[in-house]
Amino acid sequence: QESSRTFMVITAKFLTDEAGDTNEQYDLVLLNDQGFDIIDRFNLGECESACALVSCSLADSMAEYYVVGTAFSYPHEQEPGKGRILILMVDNGKLSLVFEAETAGAVYNLNPFNGKLVAGVNSRLNLYTWNEIEQGKFQLKEECSHTGHILVLYVQTRGDFILVGDLMKSITLLIYKPEENAIVELARDNSANWMTAVEILDEDIYLGAENCYNLFCARRNADAATDEERQRLEIVGEFHLGDFVNRFRHGSLVMKLPDTEQAEIPTVIFCTVNGVIGIVASLSEGLYRMLEQLQQCMNQVIKGVGGFSHSDWRSFQNERRSALARGFIDGDLIESFTDLRRDKMEEVVALMGKPFTVEKVLLTVEELQRLH
């Protein structure tokens with residue numbers, strides 16, 4: 001949080017009582033931005049766990065808040081039936097609770113949304129407003145909601161668009177209509193993907209990761225001829241990553257120089273539960289076609305370790321279906337071109353045909369390497 005020059009992290013510790021039962025105690029820990037020293041701590045309640053944390057401003061206020069979503073997990077409940085949204089402020093290095101609101105379920109995620117707050121609470125997507133009820137005193141009030149989900153686990157926003165990643169029902173694109181005071185569904189993917197992360201690449205392209213270690217890209221057909229086509233997200237890319245992605249974030253791993261080709265390539269960083277950090281880059285059509293051809297030719301020249309097929313490994317596959325990878329380029333394979341012997345490079349480029357040369361292909365691959 002830039003205004004207070006602090007970071008907040010969620011911590012959990014395991015406590016054993018006299019009966020030998022183990023319980024979790026969740027805390028919100030405030031760190032300074034210099035040496036990451038602990039300067040304050042906020043304890044959550046018994047059986048209460050923190051599920052979401054965001055730093056944001058609300059309404060027209062210039063103040064920045066830490067907003068925390070929690071869940072009360074009791075042994076007799078299959079799903080949490082109660083949670084809280086906590087709004088905290090840092091004042092002179094100390095945390096103060098500005099407001100708390102009880103929710104009818106676990107608050108799995110929080111996102112700032114045009115001065116408001118979007119929260120995934122169990123199977124509902126709720127939109128909250130931050131209202132001043134008297135001088136210097138504010139209240140969080142639910143404005144509208146959207147239902148029909150299993151569990152609203154992952155949410156991303158862009159403008160008035162809201163992308164929901166569901167526990168079992170893949171992704172759904174929603175739009176907030178302020179004139180109707182409502183959140184309306186625009187389109188959805190009807191696949192039964194169990195989502196682990198989502199991101200909005202642009203207004204019509206959406207990126208998702210699911211629990212069988214696959215990535216996929218969906219496109220909205222806003223100009224389709226029929227309502228049925230407009231309400232269905234078309235899958236335009238599928239790829240087996242081989243790791244469990246738990247976070248996407250727009251950004252770059254390196255500083256992009258302004259007057260270079262790399263500066264024009266949008267990138268999204270992903271993180272996985274095994275500690276892998278990688279990027280997904282949005283390529284121009286011409287560059288994609290060239291790299292697709294390079295990928296195909298490299299597969300003809302280079303044999304996989306142990307004789308494994310590259311196309312089989314990268315094929316989208318889960319418990320319900322499998323399909324050949326499409327719409328994605330394997331960056332690890334492409335970058336291995338620079339490690340080939342000169343004769344192997346020439347063999348690959350010969351398969352690509354004119355006008356490609358080894359020097360031209362090497363230059364392209366090396367420029368892509370600078371993205372990370």
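One can find the structure itself at the top, above this paragraph.
Quick notes on the rules
Residues numbered from 1 in each chain as written. Predicted model: local features only at pLDDT ≥ 70, side-chain atom pairs only at ≥ 80, totals over all residues. Heavy atoms only, no water. 1 Å grid on protein atoms, 1.4 Å probe; cavity = no way out; pocket = protein on both sides within 12 Å on 5 of 7 lines; lining within 4 Å. Points joined across faces, edges and corners; volume = space filled by probe spheres on them. Nonpolar A, V, L, I, M, F, W, Y, C, P; charged D, E, K, R; others polar. Helix = DSSP H or I, 4+ residues; strand = E, 2+ residues; numbered from the N terminus. Buried < 20%, exposed > 50% of the residue type's maximum accessible area, 1.4 Å probe, protein only.

Q: Provide a residue-level description of empty space enclosed by the protein, including the pertinent values.
A: Taken as a whole and judged by the stated rule, the model has one cavity of 30 Å³ or more. Here the largest cavity is characterised by a volume of approximately 30 Å³. Ser191, Asn193, Phe216, Ile235, Glu238, Phe316 and Arg321 are the residues that line the largest cavity. Taken together, the residues of the lining of the largest cavity sort by class into three nonpolar, two polar and two charged.

Q: Give a description of the layout of surface pockets that names residues and reports values.
A: Size it by volume and the largest pocket reaches roughly 1,300 Å³. Listed by contribution, the elements that provide at least two residues to the lining of the largest pocket are β17 (205–210), β18 (214–220), β19 (233–240), β21 (267–272), β22 (277–281), α2 (285–301) and α4 (331–335). Of the residues belonging to the lining of the largest pocket, the class tally is 25 nonpolar, 10 polar and nine charged. The space that makes up the second largest pocket amounts to roughly 570 Å³. At the level of elements, β4 (48–57), β8 (107–113), β12 (152–158), β16 (195–200) and β20 (245–250) are the ones that each hand at least two residues to the lining of the second largest pocket. A total of six residues in the lining of the second largest pocket trace back to one element, the largest contributor, which is β12. Of the residues belonging to the lining of the second largest pocket, the class tally is 14 nonpolar, seven polar and four charged.

Q: A description of unusual backbone geometry should follow, citing residues and the corresponding values.
A: A cis amide bond, omega 5°, links Lys354 with the succeeding residue Pro355. Although it is not a glycine, Arg5 adopts a positive phi angle of roughly 55°. Within the element layout of this structure, Arg5 appears in the segment before β1 (6–16). We classify Arg5 as partly exposed; its relative accessible area is 48%. One non-glycine residue, Phe36, lies in the positive phi region at around 55°.

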